[in-house]
Amino acid sequence: MTLTFHGAAGTVTGSCMELRLDERAILIDCGLFQGSRTLETLNHGAFSFDPGKIDAVVLTHAHIDHCGLLPKLAAQGFDKPVWCTPATSDLLEYMLADAGRIQESEADRRNRRRDRAGESRFEPLYTEEDAINAWRLSRPTPLCQWFDPAPGFRARFWNAGHILGAASVEIEAAGMRLLLSGDLGPINKAFHPDPQSPSGIDHVVCEATYGDRTREKFTIEQRRTQLEAEIKDALSRGGNLIIPSFALERTQELLLDLAKLADAGRIPNVPIFVDSPLASRATKVFAAHASELEDTGGENVFRHPSIHYVEDVAESIRLNRISGAIIMAASGMCEAGRIRHHLKHNLFRRDSTILFVGFQAKGTLGRVLLDGAERVRISGEDVNVRARIRRIDSYSAHADRDELHSWISARRPISGSLFLDHGEPEAVASLRTLTQGDDPAASIIAPQIGEVYALELGKAARRIQTGRIDMEQLSGPDWQNDYADFITHLKQHLGRIRSQRARREALAQMRRVLDAYQEAKQRQSAK
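Now for a quick tour of the structure.

Reading the values: the criteria
- Residues numbered from 1 in each chain as written.
- Predicted model: local features only at pLDDT ≥ 70, side-chain atom pairs only at ≥ 80, totals over all residues.
- Heavy atoms only, no water.
- Helix = DSSP H or I, 4+ residues; strand = E, 2+ residues; numbered from the N terminus.
- Buried < 20%, exposed > 50% of the residue type's maximum accessible area, 1.4 Å probe, protein only.
- Contact = heavy atoms within 4.5 Å.
- Areas by Shrake-Rupley, 256 points an atom, 1.4 Å probe, with all protein chains shown as cover.
- Salt bridge = Lys/Arg side-chain N within 4 Å of Asp/Glu carboxyl O.
- Pairing = 2+ DSSP bridges.
- Axes fitted to C-alpha atoms, helices over the stretch in contact; angles between N-to-C directions.
- Core = buried A, V, L, I, M, F, W, Y, C linked by side-chain atoms within 4.5 Å.
- 1 Å grid on protein atoms, 1.4 Å probe; cavity = no way out; pocket = protein on both sides within 12 Å on 5 of 7 lines; lining within 4 Å.
- Points joined across faces, edges and corners; volume = space filled by probe spheres on them.
- Nonpolar A, V, L, I, M, F, W, Y, C, P; charged D, E, K, R; others polar.
- Phe/Tyr/Trp six-rings, centres within 6.5 Å; stacked < 30°, edge-to-face > 60°.

### Description of the overall build of the chain
No. 1: When helices and strands are counted, the chain shows 16 helices and 23 strands.
No. 2: Taking the principal axes of its C-alpha atoms as reference, the chain extends roughly 75 × 75 × 45 Å.
No. 3: Every one of the 527 residues in the chain was classed for burial, and the buried ones make up 55%.
No. 4: Expressed as a percentage of contacts within the chain between residues at least 6 apart in sequence, the contacts between residues at least 24 apart total 74%.
No. 5: Carbon together with sulfur atoms contributes 49% to the accessible area of the chain, which is approximately 23000 Å² in total.

### Thoughts on the pattern of salt bridges
No. 1: Taken as a whole and judged by the stated rule, the model has 36 salt bridges.
No. 2: Arg224 is the salt-bridge partner of Asp257, the closest N and O atoms lying 2.7 Å from each other. Highlighted residues: Asp257 in helix 7 (residues 250–263) and Arg224 in helix 6 (residues 220–236), separated in sequence by 33 residues.
No. 3: A salt bridge links Glu456 to Arg462; the nearest nitrogen and oxygen atoms lie 3.2 Å apart.
No. 4: On the basis of relative accessible area, Arg462 is assigned to the partly exposed category, the value being 45%.

### Topic: the sheet that holds strand 4 (residues 56–58)
No. 1: With respect to topology, eight strands assemble into an open sheet ordered 6-5-4-3-2-1-22-23, the strand pairing being mixed. Looking at the sheet topology across the chains shown, the edges are occupied by strand 6 (138–140) and strand 23 (462–465). With direction set aside, neighbouring strand axes in the sheet form an average angle of 30°.
No. 2: Sheet topology note: the strand 1 (residues 2–7)/strand 22 (residues 452–454) ladder contains three bridges and is antiparallel. Each bridged residue has a counterpart across the sheet, and for Thr4 the counterpart in strand 22 is Val452.
No. 3: Seen against the sheet, helix 4 (residues 86–112) touches strand 5 (82–84) and strand 6 and runs at an angle of roughly 145° to strand 6.

### Side note on unusual backbone geometry
No. 1: In this chain, Ala330 is followed by Ser331 through a cis amide linkage whose omega measures 10°.
No. 2: Looking at where Ser331 falls in the secondary structure, it is placed in the loop between strand 15 (326–329) and helix 10 (339–346).
No. 3: Cis peptide bonds are those with omega within 30 degrees of zero, and the linkage from Arg412 to Pro413 qualifies with 5°.
No. 4: Located in the positive-phi region is Ala8, a residue other than glycine, with phi close to 50°.

### Considerations on the nonpolar core
No. 1: Of all hydrophobic cores here, the largest spans 86 residues; its most connected members are Leu70, Leu73, Leu227 and Ile326.
No. 2: With six residues, helix 4 is the single largest residue contributor to this core.
No. 3: Within the second largest apolar cluster, 34 residues are counted, among which are Leu21, Phe33, Ile445 and Tyr453.

### Remarks on empty space enclosed by the protein
No. 1: All chains considered together, the criterion is met by three cavities of 30 Å³ or more.
No. 2: Estimated volume of the largest cavity: approximately 70 Å³.
No. 3: Taken together, 14 residues line the largest cavity, and the ones lying closest to its centre are Ser15, Met17, His66, Gly182 and Asp421.
No. 4: Here the lining of the largest cavity is composed, by residue class, of four nonpolar, six polar and four charged.

### Considering the packing of aromatic side chains
No. 1: This model, assessed by the stated rule, comprises 10 aromatic pairs.
No. 2: Centroid distance Phe147 to Phe157: 5.2 Å. Interplanar angle 35°. Geometry classified as tilted. Of this pair, Phe147 sits in strand 7 (residues 147–150) while Phe157 sits in strand 8 (residues 153–159), placing them 10 residues apart in sequence. For the pair Phe147 and Phe157, one class covers both residues: buried.
No. 3: Both rings, one in Tyr210 and one in Phe359, keep their centres 5.6 Å apart while their planes meet at 85°; by these two values the pair is edge-to-face. Note that Tyr210 is positioned in the loop between strand 11 (203–207) and helix 6 and Phe359 in the loop between strand 16 (353–356) and helix 11 (365–370), a separation of 149 residues in sequence.
No. 4: A residue is classified by how much of its surface remains accessible, and Tyr210, at 3% relative accessible area, is buried.
No. 5: A relative accessible area of 12% places Phe359 in the buried class.
No. 6: Through successive ring pairs, a cluster of aromatic residues spans Phe5, Phe419 and Tyr453.

### Some words on the side chain of Ser280
No. 1: Within the fold, Ser280 resides in helix 8 (residues 277–288).
No. 2: Accessibility expressed as a relative area gives 5% for Ser280, which makes it buried.

### Things to note about the layout of surface pockets
No. 1: There is about 310 Å³ of room inside the second largest pocket.
No. 2: Along its surface, the second largest pocket is lined by 19 residues, and His6, Phe33, Leu42, Ala46 and Ser48 are the ones closest to its centre.
No. 3: Partitioning the lining of the second largest pocket into residue classes produces 10 nonpolar, seven polar and two charged.

### With respect to the environment of Ile243
No. 1: Within the secondary structure, Ile243 is located in strand 12 (residues 241–244).
No. 2: A sequence separation of 115 residues divides Ile243 from Gly358, and the C-alpha atoms of the two residues are 9.9 Å apart.
No. 3: Apart from the residues lying within four places of it in its own chain, the contact partners of Ile243 are Leu254, Ile326, Ile327, Met328, Ala329, Ile339, Leu355 and Val357.

### Here's the deal with helix 10
No. 1: Across the eight residues that make up helix 10, a large majority, six, are buried.
No. 2: What helix 10 keeps buried is the set Ile339, Arg340, His341, His342, Leu343 and Asn346.
No. 3: Those residues of helix 10 hidden inside the fold are in contact with strand 12, helix 9 (313–318), strand 15, strand 16, helix 11 and strand 17 (375–378).

Function cannot be read off these values alone, since they describe shape.
Given below as structure tokens:
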């Protein structure tokens, strides 16, 4: 049996693994790459496997970086089952349809930009119709119930404690037991019990998103107290509190806490706007699964007099004229969706606050803001960053370094190899060092995209194919991040040059540098 990493190895997003046994193969997840524009180009390339030779997909959960390429897979003729938990199937209908709409609207927006006039047209990665076709392939299966995704493979789901419906996957094949963590949640997370999985596994794949970070442990009440302080401080400034929030799970956790704080009179009586149609739809799924959720007290906390769900675009635009409100919008990393609209209208305001409550991948606008950018470029416009930028980690849906270490320890004995994926290089290296300290002789592998490993019973995995060598350049900030930073500060730099003549000379020097690159390229081509 072989294990191939097609994504989320050396980077956080694009989760996709292939298990092949003789002529049969299954995918574990088929996710979208998110981050810099360069990393996102991987979504548009050909799959590194033949979709026609995949017998099934086993999906861990409904986050787009785990399911977002399923519509592309379906558009290329894949019509086999997508196995997942019932809640994941319910969420998938809305998550994939929304992703299809975003792909179509983003392609249309780029094609209408004046600075792209005359250039080749962008084509959407897939359409909303492709997305619905992919969702129809879902095969809902309860936790802990065995199923056969393909001949020679037996599998079952275990609670991962990450988001509604999220699961780890246990697989039996070729006389071996494998466990793939999916995304793991922290202890004491709202809505879900702590992660559960079996022990005594031959080979384990564990995510390492926060493998280099140990967070202070918060109870739900302590988390609410922290949020209360941030809200009071933000609203005392007179402006808006803007919260970039993932539509799935993070928004619902925030709504739970906001409702409890409002009912207790602990935060000012201000309107709370959820400006994300996808978040509204996902919240309905949470309400439908209320009997499975902890911490709600049996109430539908998502219907509260302070909470207003914004659906149409016109209503969203009207929010530009308000102050003193809490506005939550997706996407959580500020790469698409209505949050970019609200950032454009609030980042320049000294009385507004931007509160980040989730992971921000390298190269994303959210990460750029957290790293202290003074000016950013949003949809072709330069925006000064005068708003206060804040961050709290107590809402993370991911286990931290210590929790990941504990989860791995509980899976022992591991007779083969432990793979650490789904993390930036620093996070993987930190978790690897910590875990290796438990057993210096253990086989712990940090795979790269494109690598293939042979798996055997009771033996360390053997790499039989090397991976991509360019992932370090792809996964971090790219030239487009540098360009956006350069162009947003260019006018300021030129303004510091006192004479008009000197400014023109500075611009002429820049042109000469670019011309020199072009001439050198032409000379090289002539050879």
